[in-house]
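The lines below spell out each chain.
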Amino acid sequence: MEKRVAIDSSLQLNIVNSQGQAIGICQVTVHPLGNPQSFWFQTDSLSQVRIPHMLPSEIEIVPQNLAYLNQLFTVEIIPSGGVITLTLTNRDERIDPISITGAVNPQAISKTLYSVEVISSKKIAAMGAQSVDAVLQNQSNINITQDAVLGSGVQLQGMSGADVKILIDGVPMIGRLNGNIDLSQIPTHQIDRIEIVEGPMSVIYGSDAIGGLINIISKKPDQPGLRLDAHTYANSVGWRNFDATGQWRYKNWGISGFAGRQFSYGYDLDSSTRMMDWRPKTKIFSGAQLQYRADKAEHQWKVQHFYEKLTDRSNAESNLTSVGGYTHYYYTERLDFSHNSLIHLGPNCDLNWQNSANFYNRDKVSYWRNLVTGNENLTGPEDQDTTLNRQLNSRAIIGSRGSHRLNWLTGYEANAETLSSHRIKGLSPLYSIAVFASAEWHIRSWWQIRPSARWSLNNQFGRALSSESNWNISPFIPSIQSKWQISPHLTLRGSAAKAFRAPSLKELYFLFVDINHNIHGNTQLQPELSDNYTATIEYRHSFSNGQGAVFKTNWFYNNVDNRIELALLDQRYNYYQYINIGKLQTQGLTPQFEYYGANWSTKLSGTWVRSQIQIDTSKQQQGWNSVQAVWNLEYRWPTPDISANVYTKFNGQQRGFYANGSTYSIEQFSMVDVVLAKTLQWQAGQQLIPVSVQLGCNNALGVRRIGAVGLLSTPHNTASQNLNISPGRSLFLALKVTL
């Protein structure tokens, strides 16, 4: 808390940064000393506001520009017609970045009661990553899996993708395949940051957040004037990418748009076969955003479109008269609309209201191709499929802020989802509505506690609300978080929470029976229920000489009942059905150390996870351990303005289980990426245009396939003693031009 002495009763505020420059619009809350009433104001774009007739007060400054810290000043005597200049401190986003997940307003992660990891746009750009799965591949406590047709999946805290919620700007994504959202379908060019919350978030975000959630935050048109960016990328394993973005801001209005294409020729580790290990893909994406900032509100409207074509060719088959093979085309399309409003209802109360409509289509079209004549013919109707997934979601959170004693938060979420497919029968739409609330109590200046709860209804599972009602009661979800500020830089957090995962519409209603498949949904499925406990100790310190350090250790424990799995119930008829099969327990420890210097930084982290599975009460628990280690290094040479980044990750032996109780193992492997970057200045008339150049090597160790033991054939995959990890070592070149 800072003090400034003034001498009368009328006050004008000028708010500046350390260079004396205005920082834009700020919220100003004045708390007169000895008076319970507070007064709320907002500066103009020059960071100026006049506040008449104020007594000695505490003045809280909350800038819209997140590059600066929120600060509290004390004015003891008010000057007559005087001007006071308040200087805000720059935020060191390397040490204490911003997070919006689970809150009404953005706040520094050191202030949250959750354990949050933030990957900034600068870090994403330094990796040269083209999609979200490539970004998360470099994170500890996260496993990225690859499937040639279904795409990538994610595991967090030892929990599979079905138990990890994926959000874009707080909106849940739809279109899960085998329980996973394909993160390779999310390009990185428009991402401002990725926020990862480890541990359940079901109170705020509902189903699917047992293991945690990943919230992908998009860039906003915040910069004044007009800005254009063009980016191109090519690598040695067949990818050719191009995208462009533009934004324009004038006064209260901002608009942005983007479009791009990513194309892969595919890559085959055995050129003698027709089937390619890495299938050819074409991705086309575009979107637009409109933003309006009023005096006490900010409104945002977004639309995004994504299209992907994947070509899957079988190996050649021959008979006495011809040689041929199957060609399957998978077409995926996403169309997302969203609206978000942040409304300041008063000096200590804000409302965040969000609405979205999501549309997901996936078509499979199969042909038999005569490899002699080149003729193609559609195969039977059982080989074709169209999946349509629709979702409407509305949520609002209203909460208080600024109180030194008690802050509260409450909200609702309403969701409607439909799914249609040739392989889904008897489906009813899934409707749910929920209310949630929490209270954050500052017991002492150094101790906070936050109890929370969620109540919800749905029309598919659970106990009926009444004998005549179509609504069922979803599991009641309580949680409690606590935070102890041991010193200005040392924080201890702890939490205990329940979470649940509702059975998906596919798990309830799927039906696929032909000569090769016999898969059934189960309308009697019950939701997965989880108990979670976490403890985190965290040290964050930004030194005065531009250096800083972060040390963090996180412990977690998950106990999941009613685990939903696709099980082989009758081997004679190859009969598969989704069932609740018992318990899964995971616990682990993730230590992490980061150091930031003037010209270099490094990060070292590790993960140990212990998993135990019990299929039913008649069988004993099976358990296994897995480990990971991550080391990142960045160094910058100021004079030639060149930076070098090295990303390494060791993945220890991984194990998993099937619903029949058998387990499989995947051998250990390591990945190393190296990236060099330099920004050049291109002279165009009287203007200097910055051109960023990146040259890198992905998978420098050349890992392609790793051994696997115990893998079984499933409805989605055939058994194999090897898993494809990467096309191998690849060089890439990326260019970015900013106008």
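Rules of the game
- Residues numbered from 1 in each chain as written.
- Predicted model: local features only at pLDDT ≥ 70, side-chain atom pairs only at ≥ 80, totals over all residues.
- Heavy atoms only, no water.
- Helix = DSSP H or I, 4+ residues; strand = E, 2+ residues; numbered from the N terminus.
- Rg over C-alpha atoms; globule rule 2.2 N^0.38 Å.
- Buried < 20%, exposed > 50% of the residue type's maximum accessible area, 1.4 Å probe, protein only.
- Contact = heavy atoms within 4.5 Å.
- Areas by Shrake-Rupley, 256 points an atom, 1.4 Å probe, with all protein chains shown as cover.
- Lys, Arg positive; Asp, Glu negative; His and termini not counted.
- Charge placed at Lys NZ, Arg CZ, Asp CG, Glu CD.
- Pairing = 2+ DSSP bridges.
- Patch = residues over 30% accessible without salt bridge, like charges linked within 9 Å, V, L, I, M, F, W, Y side chains within 5 Å.
- Salt bridge = Lys/Arg side-chain N within 4 Å of Asp/Glu carboxyl O.
- Phe/Tyr/Trp six-rings, centres within 6.5 Å; stacked < 30°, edge-to-face > 60°.
- Lys NZ or Arg CZ within 6 Å of the ring centre and 35° of its normal.
- Core = buried A, V, L, I, M, F, W, Y, C linked by side-chain atoms within 4.5 Å.
- Polar contact = N/O pair within 3.5 Å; in protein donor to acceptor, adjacent residues only side chain to side chain.
- pLDDT = per-residue confidence, 0-100.

### Considering the overall build of the chain
Consideration 1: Looking only at helices and strands, one finds four helices and 51 strands in the chain.
Consideration 2: Computed over its C-alpha atoms, the radius of gyration of the chain comes to 27 Å, within 12% of the 27 Å expected for a compact globule of 739 residues.
Consideration 3: In terms of overall dimensions, the chain has a C-alpha envelope of 100 × 75 × 40 Å along the principal axes.
Consideration 4: Sorting the 739 residues of the chain into buried and exposed places 53% on the buried side.
Consideration 5: A fraction of 62% describes how many contacts in the chain between residues 6 or more apart in sequence connect residues 24 or more apart.
Consideration 6: Here the chain displays about 32,900 Å² of accessible surface, and carbon together with sulfur accounts for 57% of that area.
Consideration 7: Here the chain holds 62 positive side-chain charges and 56 negative ones, and the gap between their average locations is 2 Å.

### Overview of the sheet that holds strand β11 (residues 116–120)
Consideration 1: Reading across the sheet, the five strands line up as β11-β16-β17-β14-β15 and stay open at both edges, with mixed pairing between neighbours. Each edge of the open sheet is held by one strand with a lone partner, namely β11 and β15 (171–172).
Consideration 2: In this structure, β11 lies alongside strand β16 (residues 191–198), joined through five bridges in antiparallel fashion. By the bridge assignment, Glu117 is partnered in β16 with Ile196.

### Considering unusual backbone geometry
Consideration 1: Even without being a glycine, Asn178 presents a positive backbone phi close to 55°.
Consideration 2: Considering the arrangement of structural elements, one finds Asn178 in the loop between β15 and β16.
Consideration 3: Backbone geometry at Lys251 places phi at a positive 55°, although glycine is not the residue there.
Consideration 4: Inspection of the secondary structure puts Lys251 in the loop between β19 (239–250) and β20 (253–264).

### A look at a nonpolar patch on the surface
Consideration 1: A contiguous nonpolar surface patch, about 900 Å² in accessible area, is contributed by Leu226, Leu228, Trp248, Tyr250, Trp253, Ile255, Leu290, Trp301 and Leu739.
Consideration 2: If you list the elements that add at least two residues to the nonpolar patch, you get β18 (225–235), β19 and β20.
Consideration 3: Mapped onto the fold, Trp253 is located in strand β20.
Consideration 4: The partly exposed category is assigned to Trp253, whose relative accessible area is 41%.

### Quick word on the packing of aromatic side chains
Each aromatic ring pair is summarised here by two numbers: the centre-to-centre distance and the angle between the ring planes.
Consideration 1: Applying the stated criterion to the full structure yields 14 aromatic pairs.
Consideration 2: Ring pairs connect the aromatic residues Tyr329, Tyr331 and Tyr367, which therefore count as one cluster.
Consideration 3: The ring of Phe510 is capped by Lys506, whose NZ or CZ atom sits 5.1 Å from the centre of that ring.

### Notes on the nonpolar core
Consideration 1: Core analysis: the largest hydrophobic core is formed by 29 residues, its most contacted members being Leu136, Ile166, Ile194 and Ile214.
Consideration 2: Mapped onto this core, the elements with two or more residues apiece are α1 (121–127), α2 (132–136), β12 (142–147), β13 (151–156), β14 (164–168), β16, β17 (212–218) and β51 (730–738).
Consideration 3: Residue contacts for Ile214: discarding those within four places in its chain leaves Leu136, Val154, Val164, Lys165, Ile166, Leu167, Ile194, Glu195 and Ile196.
Consideration 4: With 21 residues, the next largest nonpolar core counts Ile109, Tyr114, Leu342 and Ile477 among its residues.

### Points about the side chain of Ser400
Consideration 1: As for its placement among the helices and strands, Ser400 is situated in strand β27 (residues 385–400).
Consideration 2: Side-chain polar atoms of Ser400 contact the side chain of Asn407, separated by 3.2 Å.
Consideration 3: There is a polar contact of 2.9 Å between the side chain of Ser400 and the backbone nitrogen of Trp408.
Consideration 4: Setting aside anything within four residues of it in sequence, one finds Ser400 in contact with Asn348, Cys349, Leu406, Asn407 and Trp408.

### What about the pattern of salt bridges?
Consideration 1: Tallied over the entire structure, the rule returns 23 salt bridges.
Consideration 2: For Arg501, the salt bridge identified is with Asp163, shortest N-O distance 3.3 Å. Of this pair, Arg501 sits in strand β34 (residues 490–501) while Asp163 is found in the loop between β13 and β14, placing the two residues 338 residues apart along the sequence. Each member of the pair, Arg501 together with Asp163, is buried.
Consideration 3: Between Arg369 and Glu376 there is a salt bridge, with the nearest N and O atoms lying 3.4 Å from each other.
Consideration 4: Overall, the relative accessible area of 29% leaves Glu376 in the partly exposed class.
Consideration 5: Several salt bridges share partner residues, and in doing so they unite Asp163, Arg501, Glu507, Glu528, Arg563 and Glu565 into one network.

### Here's the deal with the pairing of strand β3 (residues 26–32)
Consideration 1: Across the seven residues of β3, seven count as buried, placing the element largely inside the fold.
Consideration 2: Because side chains alternate across β3, one face comprises the buried residues Cys26, Val28, Val30 and Pro32, and the other comprises Gln27, Thr29 and His31, equally buried.
Consideration 3: In this structure, β3 lies alongside strand β6 (residues 57–63), joined through seven bridges in antiparallel fashion. Bridge pairing links Val30 to Ile59 in β6.

### Quick notes on the side chain of Thr602
Consideration 1: By the secondary structure assignment, Thr602 is in strand β42 (residues 600–614).
Consideration 2: By relative accessible area, Thr602 is classed as buried at 16%.
Consideration 3: At 3.0 Å, the side chain of Thr602 and the backbone oxygen of Asn632 are in polar contact.
Consideration 4: Once you skip the residues sitting within four places of it in the chain, Thr602 turns out to touch Phe593, Glu594, Tyr595, Trp631, Asn632 and Leu633.

### Topic: the confidence of the model for the chain
Consideration 1: Averaged over the chain, the pLDDT score is 86; the fraction of residues at 70 or greater is 93%.
Consideration 2: Taken as a whole, residues 1–8 scores under 50 in pLDDT and shows 31 contacts with residues more than four places along the chain or in a different chain.

### Remarks on the environment of Gly582
Consideration 1: Here Gly582 lies in the loop between β40 (575–580) and β41 (583–596).
Consideration 2: A sequence separation of 22 residues divides Gly582 from Val560, and the C-alpha atoms of the two residues are 8.2 Å apart.
Consideration 3: For Gly582, the residues in contact, after removing those within four places along its chain, are Val560, Asp561, Asn562, Arg563, Gln614 and Ile615.

### Considering the pairing of strand β22 (residues 297–313)
Consideration 1: Alignment of strand β21 (residues 281–293) against β22, held across 13 bridges, turns out to be antiparallel. Within the sheet, the bridge partner assigned to Tyr292 lies in β22 and is His299.
Consideration 2: Taking the residues that link successive antiparallel strands as the turn, the β21-β22 hairpin has three residues.
Consideration 3: In this sheet, strand β24 (residues 323–346) lies alongside β22 in antiparallel orientation, the contact comprising 17 bridges. By the bridge assignment, Gln300 is partnered in β24 with Asn340.

### A word on the environment of Asn562
Consideration 1: For Asn562, the position within the fold is in the loop between β38 (548–561) and β39 (564–570).
Consideration 2: On a C-alpha basis, the gap between Asn562 and Arg444 in space is 40 Å, while along the polypeptide they are 118 residues apart.
Consideration 3: If we ignore the near neighbours within four places in the chain, the residues touching Asn562 are Gln526, Pro527, Glu528, Leu529, Asn580, Ile581 and Gly582.

### Considering the environment of Tyr412
Consideration 1: Mapped onto the elements of the fold, Tyr412 is located in strand β28 (residues 406–420).
Consideration 2: On the basis of relative accessibility, which here comes to 31%, the residue Tyr412 falls in the partly exposed class.
Consideration 3: Between the C-alpha atoms of Tyr412 and Thr602, which are 190 residues apart in sequence, the distance is 41 Å.
Consideration 4: With near-sequence residues (within four places) excluded, Tyr412 lies in contact with Trp353, Ser394, Arg395, Ala396, Ala434, Val435 and Phe436.

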